[in-house]
Every structure is written in structure tokens, then in C-alpha cells.
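Letter by letter, the chains look like this.
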Amino acid sequence: MPPRSCPCGLPAPYQDCCGRLHRGEAAATTAEQLMRSRFSAFGVGDEPYLLRTWHPSTRPPRVGLDKRVRWVRLEVLESTGGSVVHTEGTVRFRAHYLDRGDPGEVEENSRFVRAEGRWVYTGPV
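Residues numbered from 1 in each chain as written. Predicted model: local features only at pLDDT ≥ 70, side-chain atom pairs only at ≥ 80, totals over all residues. Heavy atoms only, no water.

## Some thoughts on the nonpolar core
Of all hydrophobic cores here, the largest spans 17 residues; its most connected members are Leu34, Met35 and Phe112. Taken together, the elements giving at least two residues each to this core come down to helix H2 (31-44), helix H3 (47-52), strand E2 (88-99) and strand E4 (118-124). With five residues, H2 is the single largest residue contributor to this core. If we ignore the near neighbours within four places in the chain, the residues touching Leu34 are Ala28, Tyr49, Thr53, Phe112, Trp119, Val120 and Tyr121. (Core = buried A, V, L, I, M, F, W, Y, C linked by side-chain atoms within 4.5 Å. Buried < 20%, exposed > 50% of the residue type's maximum accessible area, 1.4 Å probe, protein only. Helix = DSSP H or I, 4+ residues; strand = E, 2+ residues; numbered from the N terminus. Contact = heavy atoms within 4.5 Å.)

## Quick word on the pattern of salt bridges
Two side chains carrying opposite charge are able to pair once their charged atoms lie near each other. Taken as a whole and judged by the stated rule, the model has 11 salt bridges. With a shortest N-O distance of 3.0 Å, Arg36 and Glu32 are connected by a salt bridge. In this pair, Arg36 and Glu32 are both assigned in helix H2, four residues apart and thus about one turn of the helix distant. A relative accessible area of 12% places Arg36 in the buried class. Its relative accessible area of 26% is what places Glu32 among the partly exposed residues. In this structure, Glu78 and Arg92 form a salt bridge, with 2.8 Å as the shortest nitrogen-oxygen distance. Here Glu78, found in strand E1 (residues 69-81), pairs with Arg92, found in strand E2; they are 14 residues apart in sequence, far enough to count as distant. Owing to a relative accessible area of 42%, Glu78 belongs among the partly exposed residues under this scheme. Classification of Arg92 by relative accessible area gives partly exposed; the value is 25%. Each of Arg73, Glu75, Glu78, Arg92, Arg94, Glu105 and Glu107 takes part in a single network of salt bridges with overlapping partners. (Salt bridge = Lys/Arg side-chain N within 4 Å of Asp/Glu carboxyl O.)

What follows is the structure, encoded as C-alpha cells:
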């Protein structure tokens, strides 16, 4: 069962926020929205969405989600470009998780580009 509130941190129910993107009913309009939806995909275990939103030139054959890791909170620290009028952008974030109950965090400055009109993740800057 999907979570009630969206894992991405925005004040909306998952079904109305990132759930729409995961189900293919909408596409991210900004790099930050794509990054948030990818964090949520890690949170709900949606590997197909992660692969669909990864640039083909850097996409791995599989993500390999670890079911022992629970993604619990996202902080967006800064972004450059990535708006509806840009073709590329970056989003620096800190993702908090629990690994078998032990807290941890990952910080990354991610690069995003538009490919065939849609935002996709290319990798860390």
C-alpha cells in the first residue's frame, strides 16, 4: 500500500503528488520535481520509474533497491536551472534513510537534462 503523505516532502498525498508521475499520468515539469519523484520512487520501491527517468547514456541495467533501507526524509539544498524554460539543471539534496534501524544520509548534487522533451537524471555533478 502506498504511503498517505508523499515521501518527497511536499505537503500533498502521495497519490496526488509523486504517485501521478510514477503511474505515468503526468511528467515532471522541473528538474527538482523529477528529483523529488525519484526520491519517492526509492521510498516506495518503484525501480521501473527510476530506470525510465534515467538518461539512456548513464542508466544502469538495474537499480538494485535494498529492501532493508527505508528512505525517510528529503532536503532540497539548492538548485540551478531546471525550470520549465531550461534544458538542463542541477539539484543538490540530502536524503535521509534508515538501514535496519540505523540512520544515515546521502548528499548529492545531481544533473538533469531534457531528453525528448522530458526531464531525466544523468548522474552526480
